[in-house]
Number of protein chains: 2
Amino acid sequence: MTGRARRSADDRRAQLVQIGLELLPTTPVQELTIDEVARRAGISRSLLFHYFPSKRDYYAAVTRAAAELLWAHLLPRPGTPGDGSGVDGMLDRYVGWVETFRETHLAFVRGASGGDPWVAEVYAETRDRLVEVGLRTLGLPDDARRRQLVLAFFAFTEDLVAQWVLEPTMPREELLALLRDVLDRLLPR
Amino acid sequence: MTGRARRSADDRRAQLVQIGLELLPTTPVQELTIDEVARRAGISRSLLFHYFPSKRDYYAAVTRAAAELLWAHLLPRPGTPGDGSGVDGMLDRYVGWVETFRETHLAFVRGASGGDPWVAEVYAETRDRLVEVGLRTLGLPDDARRRQLVLAFFAFTEDLVAQWVLEPTMPREELLALLRDVLDRLLPR
DNA sequence: TAGCTTGTTGATCGTTGCTCAGCAAGCCGA
DNA sequence: TCGGCTTGCTGAGCAACGATCAACAAGCTA
């Protein structure tokens, strides 16, 4: 043979996670098989288990990567000043994220709530970080009650935006205004 | 042997679904194995496949049973007049349902959003029925926009109540008032 | 060239979803 | 009592998948 491609550990790891990210949108989390990932990477199953001790670890890594993408997309970009840093900006970017990466995002959310505790933990971490940033942006103290309300507001937003993208029953601006209105209602300043 | 217990088809079916309902709260949906169910029922795996063509069909049947329980609990009871028939009554009963059957309810919701399309369909049916009843109870027309909002409100309620049950950050009455307030805000009369 | 590190594989195992041929329990008519 | 029918039920076995392990080989360094 012409010699197998021998990659560095980091390279291989990144490649495998990347394949997971590409497969995630089209494949239900539970149907994503190690065999398929290994086949796409052109390696044996054994090697994947060398980098990730178990299937769960692999899924968790992929989920974490997806969360990082979302996170990076939600933060205000330094290059885009103006309405970037407020809550309105974050809501706007969130809707934009779902509009652009709808499949990936739904897979992320579903995979998170679907069974596996390790994956759910990654999702919970991301949500917690978002709550923290959200409350800070709103200039409100971070207590248990507000945390619950913000988390529930996320659930509301996720559900509504996911539906709205499929069937836009109102203008984009109205959706954003409605979300902002509900949030203000829940957390009066 | 003393002769195996030979049941009628309906009996056996009901027994298997019942075992699923009992196992659901303590076992993540994906870890629930046919072997375990068959063992608890004292039958062979083969027989379970005789009644349910596939694992999915079995899960769907169990999920449907759980949905029926929820549904029956949410409808106003004829014997309990007073505040039973309005939206407040339904919200009250929903909170009560989650308080009492928290584990089962979380398992129901998670199982619904976790991967399997057949199970998700059962969940979607239940939600649709609830939206219909909700809008009718509110005396509002049933259009696409309102449907989306009510569904998103369900997501909000599910999330908030699930958290609140674990850590009650406000009195029960305040929770109910808040839910009602948000609903009125979303669907002004 | 020898030797070490480490990326990589093939053989193999246990579990699990699923199939299939056939057994056996109960009921019926003669 | 006997034969025959329906149908609840089983056991052997297959394919797919997650996971393990001993061993090979690519590339660097001395």
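All of the points below concern the structure found in this document. (Residues numbered from 1 in each chain as written. Chains lettered and ligands numbered in written order. Predicted model: local features only at pLDDT ≥ 70, side-chain atom pairs only at ≥ 80, totals over all residues. Heavy atoms only, no water.)

Another aspect to go through is the overall build of chain A. A count of helical and extended segments in chain A gives nine helices and zero strands. N-terminal to C-terminal, the α/β element order of chain A is α-α-α-α-α-α-α-α-α. The principal-axis extent of the C-alpha atoms belonging to chain A is close to 65 × 35 × 35 Å. Split into buried and exposed, the 189 residues of chain A put 47% on the buried side. Partitioning the intrachain contacts of chain A with sequence separation of at least 6 by distance along the chain shows that 63% fall at a separation of at least 24. For chain A, the exposed surface amounts to about 9800 Å²; the carbon and sulfur share of it is 54%. (Helix = DSSP H or I, 4+ residues; strand = E, 2+ residues; numbered from the N terminus. Buried < 20%, exposed > 50% of the residue type's maximum accessible area, 1.4 Å probe, protein only. Contact = heavy atoms within 4.5 Å. Areas by Shrake-Rupley, 256 points an atom, 1.4 Å probe, with all protein chains shown as cover.)

Let's shift gears to the protein's contact with DNA strand D. Taken together, the neighbourhood of DNA strand D is formed by 23 residues, with A:Lys55, B:Arg7, B:Arg12, B:Ser44 and B:Ser46 sitting nearest. A:Ile34 has a polar backbone atom sitting 3.2 Å from a phosphate oxygen of DNA strand D. Here a phosphate oxygen of DNA strand D and a side-chain polar atom of B:Arg12 are 2.8 Å apart. If you list the elements that add at least two residues to the surface near DNA strand D, you get helix H2 (34–41) and helix H3 (45–51) of chain A together with helix H1 (9–23) and helix H3 (45–51) of chain B. With four residues, the single largest contributor to the surface near DNA strand D is H3(B). Its residues assigned to classes, the surface near DNA strand D shows eight nonpolar, six polar and nine charged. (Near = heavy atom within 4 Å. Polar contact = N/O pair within 3.5 Å; in protein donor to acceptor, adjacent residues only side chain to side chain. Nonpolar A, V, L, I, M, F, W, Y, C, P; charged D, E, K, R; others polar.)

Here we come to the interface of chain A and chain B. Across the contact, 29 residues belong to chain A and 30 residues belong to chain B. Roughly 2800 Å² of surface becomes buried between chain A and chain B when both sides are summed, with 54% attributable to carbon and sulfur atoms. Among the residues chain A hides against chain B, the three largest losses belong to A:Arg145, A:Gln148 and A:Arg185. Together they make up 22% of the total. In this assembly, chain A and chain B are joined by eight salt bridges. For B:Arg127, the salt bridge identified is with A:Asp159, shortest N-O distance 3.4 Å. Here chain A is connected to chain B by 14 residue pairs in polar contact (both at pLDDT 80 or more). Per element, the largest residue contribution to the side of chain A that touches chain B is 13 residues, and it comes from helix H8 (residues 144–166) of chain A. (Buried area = accessible area lost by both parts, 1.4 Å probe. Salt bridge = Lys/Arg side-chain N within 4 Å of Asp/Glu carboxyl O.)

Below, the discussion takes up the protein's contact with DNA strand C. Among the 24 residues in the neighbourhood of DNA strand C, the closest are listed as A:Arg7, A:Arg12, A:Ser44, A:Ser46 and B:Lys55. The sugar-phosphate portion of DNA strand C accounts for 61% of its atoms within 4 Å of the protein, the bases making up the rest. A distance of 3.1 Å separates a base oxygen of DNA strand C from a polar atom in the side chain of A:Arg6. Take A:Ser44: an N or O atom from its main chain is 3.0 Å from a phosphate oxygen of DNA strand C. Of all the secondary structure elements, the ones that give two or more residues to the surface near DNA strand C are helix H1 (9–23) and H3 of chain A together with helix H2 (34–41) and H3 of chain B. It is H3(A) that contributes the most residues to the surface near DNA strand C, four residues altogether. Taken together, the residues of the surface near DNA strand C sort by class into eight nonpolar, seven polar and nine charged.

What follows is about the packing of aromatic side chains. Using the criterion set out here, one finds nine aromatic pairs over all chains in the structure. Each ring, one from A:Tyr58 and one from A:Tyr59, has its centre 6.2 Å from the other, and the planes form 45°; the classification is tilted. Each member of the pair, A:Tyr58 as well as A:Tyr59, is classed as buried. Pairing B:Phe108 with B:Tyr123 gives two aromatic rings, centres 5.3 Å apart and planes at 75°, and the pair type is edge-to-face. Highlighted residues: B:Phe108 in helix H6 (residues 102–113) and B:Tyr123 in helix H7 (residues 117–138), separated in sequence by 15 residues. Look at B:Phe108 and you get buried, because its relative accessible area is 5%. Ring pairs connect the aromatic residues A:Phe52, A:Tyr58 and A:Tyr59, which therefore count as one cluster. A cation over a ring is seen here: A:Arg13 above A:Phe52, with NZ or CZ 5.7 Å from the ring centre. One residue, A:Arg129, lies across the ring of A:Trp71, its end atom 4.4 Å from the ring centre. (Phe/Tyr/Trp six-rings, centres within 6.5 Å; stacked < 30°, edge-to-face > 60°. Lys NZ or Arg CZ within 6 Å of the ring centre and 35° of its normal.)

As far as function goes, none of this settles anything; it's purely spatial.
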